[in-house]
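# Observations on the three-dimensional arrangement
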Amino acid sequence: MTYVGTHLKSARLQEHYDAIVIGSGMGGLSVASVLSQKGRRVLLLEQHNVIGGCTHAYARKGYEWNIGLHYIGDLHSPVTMTSKLFDYVSDSSLQWEPMPEVYNRIFIGDREYPFSQGEGAYARELKQWFPEEHQAIDRYMELLAAAVASSRNFFAEKAMPRELGRQNYQALSGEFLKFSERTTYDVLSELTDNQELIAVICGNYGDYSLPPKRSAFAMHAMLVRHYYRSAYYPTGGAASLAKAIVPVIEAKGGDVVYGAAVSQVLVESDCARGVRLSSGEKVMATCVISNAGVQNTFGDLLPDDLPVKTQCEQQLQQVNDAYCAVGLNIGLKADAASLGLSGGNIWAHPGADLDGNIEAHKNDFEAPFPWSFITFPSAKDSSWPERFPGKATIEMFAATDFAHFESWANTPWQKRGQAYESLKADIAKRMFAELYKYAPQIEPYVDYFEVSTPVSYQHFLRRKSGNFMGIEASPQRFQQQWLRADTPIENLFLTGQDITTDGVISALMAGVMTASRVLGENVMAEVARRQSD
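Analysis parameters
- Residues numbered from 1 in each chain as written.
- Predicted model: local features only at pLDDT ≥ 70, side-chain atom pairs only at ≥ 80, totals over all residues.
- Heavy atoms only, no water.
- Helix = DSSP H or I, 4+ residues; strand = E, 2+ residues; numbered from the N terminus.
- Buried < 20%, exposed > 50% of the residue type's maximum accessible area, 1.4 Å probe, protein only.
- Salt bridge = Lys/Arg side-chain N within 4 Å of Asp/Glu carboxyl O.
- Phe/Tyr/Trp six-rings, centres within 6.5 Å; stacked < 30°, edge-to-face > 60°.
- Core = buried A, V, L, I, M, F, W, Y, C linked by side-chain atoms within 4.5 Å.
- Contact = heavy atoms within 4.5 Å.

Notably, Ser269 is not glycine yet its phi reads approximately 55°, a positive angle. Examined against the element boundaries, Ser269 turns out to sit in the loop between β12 (262–268) and β13 (271–277). The phi angle at Asp270 is positive, at roughly 60°, despite the residue not being glycine. Relative to the elements of secondary structure, Asp270 occurs in the loop between β12 and β13. For Asp270, a relative accessible area of 45% gives the class partly exposed.

Laid out in structure tokens, this is it:
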């Protein structure tokens, strides 16, 4: 596969930049792109050996797999905000392909609920499956629309200067908080007592990190509405995002550097001045923007003698990390078409008690994984047959709990011992057994596979608790006004999904919001006014 950016060993860094961005996930890429297009000289630093964060891909044994991007909604028209945002940060160079008509197949035990794309399909299919619940479903759809409409002002406040945001917080956020302060289950259980319907509605809760009794209803609503009309996949896979955005940054004089871990944000007189790399090198900048997550930024990157660090660390106690997952990436020695593989996703749950499934597995690792997500990237990418003829891939994830892997926390990659390798072999066996329920025909064609665990994500993505996403989307999370673009430290800014909410699109929006705060102008409004290309 083609890598973008420059390794630190080959990079020729400037002494000073207008902005340094820490972390090349979607939030870091988007804020760097916007600032570059606005005339700022930007340095984007990535600690891993590939650009992209959770949107990167990797190649092994003649196959390629994505890490965290599997489908994107709201791209059915060039005038949607999602389309305009991607066009803006990539200079309209990204290409997208529609998922199959049935884009998500939800399994509750052995009962299947296939969700289709298209205007009105979501409500129509729910009513077909649950004909006695028409009234509840209609009211549910109204609540989804109201929650999403209220989110615009809530997130706009996060891009305002801190004092202005404080003065306008209640006026801008009050309506949204009515939806975010209640759990998804609280809201749904007032509409219906049909637990199967609630489970189906929340069947892809892995997209936003929490089951219905713990997730904020506002988060559920934003996710459902995001896929309400369409689901798409980038041509060339997840790596195409970095391939499209990095040239925009470099064309404006910016530098994108990987293998460049940041050990500390340099602060003088309560003002961010630059960063120190793990190599010891210092790079100075007018401002520093962290896409490394609030846990890493406030917990690890601030100087210990900074007076405000105690306040920042106390704030971290108010939020929790999102879920953990184990992964199984599979290479098949046959193409997707000949194997009859569809590009639609599968979400499988052992039973309708989604929260109970989580607790059972938390208490006993041998209990079924709370959910499994199965996706077929080679079946939804038209460029795949040319790039990897005669081959196919499957990406599979299953929810788990970090406590089951904590004894291997912070241990060296590929040096974790036989007990860990035996555990991975057991995970593979269990996941293959689940996979063969839905795609038994692939078994003779399995050529290669590898297992990832929360310890893998801790190592490669620097996630303290091995979490797959950022901060969990609970009611408490949305009450944290300090999760915003600016920080108590002058010229230190945050971006990424921690200041908005979980997911690729949220991180994309966060990048534009942070750029707006740095520039002192409403870039989001500018993007909204853009004519489609």
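All chains considered together, the criterion is met by 23 salt bridges. Across the pair Arg60 and Glu450 runs a salt bridge whose closest N-O atoms are separated by 2.9 Å. Pair noted here: Arg60 is in strand β4 (residues 57–60) and Glu450 is in strand β19 (residues 446–452), with a separation of 390 residues, a long-range link. Under the relative-accessibility criterion, Arg60 is labelled partly exposed at 33%. In this structure, Lys437 and Glu434 form a salt bridge, with 3.0 Å as the shortest nitrogen-oxygen distance. Highlighted residues: Lys437 and Glu434, both in helix α15 (residues 418–438), separated by 3 residues, approximately one helical turn. Among the residues examined, Lys437 registers a relative accessible area of 57% and is labelled exposed. Taken together, the salt bridges that share partners define one network made up of Glu157, Arg162, Arg484, Asp486 and Arg517.

Positionally, Ser407 belongs in the loop between β18 (392–400) and α15. Put simply, Ser407 and Val455 are 48 residues apart on the chain and 9.6 Å apart in space, counted from C-alpha to C-alpha.

Here we take up the packing of aromatic side chains. Taken as a whole, this structure holds 30 aromatic pairs when the rule is applied. Aromatic side chains Tyr122 and Tyr140 sit 6.3 Å apart centroid to centroid with 45° between the ring planes, which places their arrangement in the tilted category. In this pair, Tyr122 sits in helix α3 (residues 121–129) while Tyr140 sits in helix α4 (residues 134–157), placing the two residues 18 residues apart along the sequence. Accessibility assignment for this pair places Tyr122 and Tyr140 in one class, buried. Through successive ring pairs, a cluster of aromatic residues spans Tyr71, Tyr103, Tyr227, Tyr323, Trp347, Trp371 and Phe373.

So, on to the environment of Thr184. Position of Thr184 among the secondary structure elements: in helix α6 (residues 184–191). With relative accessibility at 0%, the residue Thr184 sits in the buried group. Expressed as a C-alpha distance, the spacing of Thr184 and Ala231, which sit 47 residues apart in the sequence, is 23 Å.

In this section: the nonpolar core. Counting residues in each nonpolar core, the largest one holds 110 residues, and the members touching the most others are Met26, Phe86, Tyr122, Leu126, Tyr140 and Phe217. The biggest single contributor to this core is α4, with 9 residues. Excluding its chain neighbours within four sequence positions, the residues that come into contact with Met26 are Gly52, Thr55, Phe86, Leu241, Ile245, Val504, Ala507 and Leu508.

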